[in-house]
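A closer look at the structure
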Amino acid sequence: MSVSDGPVFLRSNAIIEPLVDRFYAWMHIVSPAAAALNLAKVQVPLLESYLQNPQVHLAASANPALRGGYFVNVEESRSMEVATLLDTIKRDRADMLAFADAIAEANDLLRQSATGFDLTPLYSKLPAALNGLVELAYDTDNQASLHLLEPVLYTSRFYDVSRQSIQLSLETGIERPFILSTPRLPGPDVLELGIPFTHPGIDELFGARIAPTTVSRLREALELDDAQTEQLRRLLTDEPSLSPDRHIEDGGRVRYFGHACLVIQSPGTTIVTDPFISADNRHGDRYTLDDLPDRIDYVLITHGHQDHIVLETLFQLRKRVGAVVVPRSSRGNLCDPSIGLYLKALGFTVVEVDDFDEIPFLDGRIVATPFLGEHSDLDIRAKSTFFVQIAGANIYVGADSSGIDPVLYRYVRNHVGHADMAFLGMECDGAPLTWLYQGLLTRPVTKRMSDSRKLSGSNAQQAAAIMTELGADEAYIYAMGEESWQGHVMATTYNEDTFQIKQIEEFLGWCSANGITAEHLFNKREWRW
Ligand SMILES: [Fe+2]
Ligand SMILES: [Fe+2]
């Protein structure tokens with residue numbers, strides 16, 4: 001090799017964008033049944049709509065009032081690439097599209113024929129695509145539904161890793177446009193690799209944030225050709241840029257890394273909640289991947305929303321994490337894909353927990369606690385809050401859980417004890433049902449229904465009720481999606497008059513009147529004891 005092959009590290013601002021058929025990957029487009037439904041009912045119609053009228057999509061994408069809407073933000077001169085993508089999906093993913101039709105057909109069958117009598121005769125009438133992959137069952141109210149055998153689905157043709165690819169690039173510092181509805185096309189500054197998400201080369205690359213590797217090792221690990229190797233060099237540097245204070249020697253520390261991400265540390269243990277971390281260390285206004293300890297014992301995932309399981313951060317950490325702790329799903333309910341199976345399929349070591357399960361560690365324990373609401377009243381069990389008891393502190397990680405029934409938090413306090421710090425989400429005017437779940441709905445809902453079932457966390461009154469019942473000393477409002485490096489996933493636009501911000505102010509006023517220390521977090525914050 002002509003250029004020296006000395007030790008190299010990954011640049012601080014290197015990012016990975018995991019894609020599925022060119023769409024930015026998140027659980028509902030990876031997990032097989034949800035992916036088939038989203039492909040058939042959201043992504044294909046979206047691409048077709050764009051191709052009918054690209055200008056409408058471009059205008060909508062440029063309109064701040066429509067931020068986060070499902071529009072394809074691809075310039076018209078590249079619409080042929082979108083057309084090719086659509087053709088490829090229709091041809092190569094015909095099985096998945098048929099699976100989505102089969103779900104609809106099976107639900108029709110149940111509606112018409114599952115009338116409280118024996119379900120055995122219906123198995124032979126199911127569409128063939130579902131054979132071996134579902135069980136039919138009544139609930140105690142005689143309502144029949146399909147139960148997916150989800151672990152089996154992951155071994156079937158409906159989980160096709162050839163859909164997966166990654167894009168590697170450098171974070172530019174320019175806020176990224178909303179990403180969930182726009183397929184990622186190739187770009188000159190992007191190293192694009194058609195490898196599955198579990199490819200070991202990904203871990204070799206991100207291991208080079210901490211320990212040096214060489215270009216030739218990376219080339220081999222990622223199976224690169226000459227041109228790709230040259231592109232890879234842009235992501236590499238001679239010196240690591242890790243922060244010297246990323247570990248602590250005594251006591252305890254919590255650092256707010258933005259949104260729902262907390263790094264909770266003692267000298268012997270590190271716990272990271274809902275990792276969604278900036279790779280851009282040029283600003284000083286935030287903690288970045290440089291500030292993470294080398295080893296992370298537990299990652300805690302609170303729920304499956306795309307701002308809480310963020311693959312572009314998780315893949316960077318895969319080999320540094322002991323285990324990802326995830327809430328157990330209801331096993332087989334279409335709207336409740338298993339987070340555990342999803343992350344296992346993506347190469348993570350997973351521990352699934354139910355409410356009040358405990359994970360002891362060296363100098364403390366994690367207790368999983370219930371998560372209420374915030375899922376548009378869908379029967380989704382894969383959601384959890386957590387208490388982290390570490391270095392003498394008891395920290396409540398409340399994520400987007402709502403105070404819709406505050407008595408719950410009394411039970412929680414009785415079980416887990418008084419909290420020193422409570423982190424609460426107050427996105428109290430969230431997106432409507434269809435924004436996130438449209439693809440999974442097997443029966444249409446009216447706009448009024450959808451708008452009445454928002455993905456909302458606590459409002460001021462509910463947050464106050466949680467604090468009262470928990471008896472926590474300090475309240476910190478987080479998970480509001482306000483940090484600039486999250487715009488591509490969050491698409492929130494707040495100003496001082498926005499309902500959520502008014503509610504936060506009201507809650508902070510209540511805390512102050514009740515002698516509770518409280519703060520609305522933004523960008524970064526540290527607590528040390
Ligand atoms: Fe959420
Ligand atoms: Fe959230």
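Before any of the text, the structure's been laid out above.
Predicted model, so just to flag it, every value in this text is computed and none were measured.

Topic: the overall build of the chain
Looking only at helices and strands, the chain has 18 helices and 22 strands in total. A globule of 529 residues ought to have a C-alpha radius of gyration of about 24 Å, and the chain, at 23 Å, matches this closely. Within the chain, the fraction of its 529 residues that count as buried is 56%. Excluding contacts between residues fewer than 6 apart, the proportion of contacts in the chain whose partners are at least 24 apart in sequence is 74%. For the chain, the distance from the average position of its 45 positive side-chain charges to the average position of its 71 negative side-chain charges is 2 Å.

Some details on the coordination of the iron ion (ligand 2)
Coordination of the iron ion (ligand 2) by the protein comes from D307 (OD), H308 (NE2) and D400 (OD), over a distance range of 2.1 to 2.3 Å. Between consecutive donors of the iron ion (ligand 2), the numbers of intervening residues give the motif D-H-x91-D. Here the iron ion (ligand 2) and the iron ion (ligand 1) are spaced 3.3 Å apart, and both take D400 as a donor. Each member of the pair D307 and H308 is classed as buried.

Side note on the sheet that holds strand β14 (residues 350-353)
Ordered in space as β14-β13-β12-β11-β10-β9-β22, the seven strands form an open sheet in which the pairing is mixed. Of all the strands in the sheet, just β14 and β22 (525-528) have a single pairing partner and so form its edges. Taking the axes of each pair of neighbouring strands and ignoring which way they run, one obtains an average angle of 15° across the sheet. With three bridges connecting them, strand β10 (residues 262-265) and strand β11 (residues 270-273) associate as antiparallel partners. Across the sheet, V263 pairs through a bridge with V272, a residue of β11.

Topic: the side chain of T313
Structurally, T313 can be placed in helix α11 (residues 311-317). In contact with T313, not counting residues within four places along its chain, are P275, F276 and I277.

What to know about the pattern of salt bridges
Think of it this way: side chains of opposite charge can pair up when their charged atoms draw near. Tallied over the full model, the rule gives 33 salt bridges. Linking R282 and D280 is a salt bridge whose minimum nitrogen-to-oxygen distance equals 2.8 Å. When its relative accessible area of 51% is taken as the criterion, R282 is described as exposed. Take D280: its relative accessible area is 2%, and that puts it in the buried class. Connected through salt bridges with shared partners, the residues E17, E171, R176, R184 and E312 form a single ionic network.

Description of the pairing of strand β4 (residues 134-138)
One ladder, built from five bridges, connects β4 with strand β5 (residues 144-148); its direction is antiparallel. Bridge pairing in β5 places E135 opposite H147. Between the antiparallel neighbours β4 and β5 lie five residues, among them N142 with a positive phi of about 65°.

Side note on the coordination of the iron ion (ligand 1)
Taken together, the protein donors to the iron ion (ligand 1) comprise H303 (NE2), H305 (ND1), E374 (OE), E374 (OE) and D400 (OD), at separations of 2.2 to 2.5 Å. One chain supplies every donor to the iron ion (ligand 1), and in sequence these donors are spaced H-x1-H-x68-E-x25-D.

A short note on the sheet that holds strand β6 (residues 164-170)
If you trace the four strands from one edge of the open sheet to the other, you get β3-β2-β6-β7, paired in antiparallel fashion. With partners counted over all chains shown, the strands left at the sheet margins are β3 (23-24) and β7 (191-193), one partner each. Pairing geometry for β6 and β7, over three bridges, is antiparallel. Paired with I166 across the bridge in β7 is L193.

Thoughts on helix α18 (residues 499-513)
Each α-helix turn comprises 3.6 residues. Residues three or four places apart therefore point the same way. In this model α18 runs 21 Å from its N-terminal to its C-terminal C-alpha over 15 residues, within 8% of the 21 Å that 1.5 Å per residue would give. Every buried residue of α18 is accounted for by Q500, I501, Q503, I504, F507 and C511. For α18, the arc enclosing every buried residue in end-on projection is 155°, short of the 170-degree limit, so these residues lie on one face. The exposed residues of α18 that point more than 90 degrees off its buried face are S512 and A513. One or two positions beyond α18, positive phi appears at G515, with a value near 70°.

Rules and cut-offs
- Residues numbered from 1 in each chain as written.
- Chains lettered and ligands numbered in written order.
- Predicted model: local features only at pLDDT ≥ 70, side-chain atom pairs only at ≥ 80, totals over all residues.
- Heavy atoms only, no water.
- Helix = DSSP H or I, 4+ residues; strand = E, 2+ residues; numbered from the N terminus.
- Rg over C-alpha atoms; globule rule 2.2 N^0.38 Å.
- Buried < 20%, exposed > 50% of the residue type's maximum accessible area, 1.4 Å probe, protein only.
- Contact = heavy atoms within 4.5 Å.
- Lys, Arg positive; Asp, Glu negative; His and termini not counted.
- Charge placed at Lys NZ, Arg CZ, Asp CG, Glu CD.
- Donors = N, O, S within 2.8 Å, 3.2 Å for Na, K, Ca; no water.
- Pairing = 2+ DSSP bridges.
- Axes fitted to C-alpha atoms, helices over the stretch in contact; angles between N-to-C directions.
- Salt bridge = Lys/Arg side-chain N within 4 Å of Asp/Glu carboxyl O.
- Expected span 1.5 Å × (residues − 1).
- Arc of directions from axis to C-beta.

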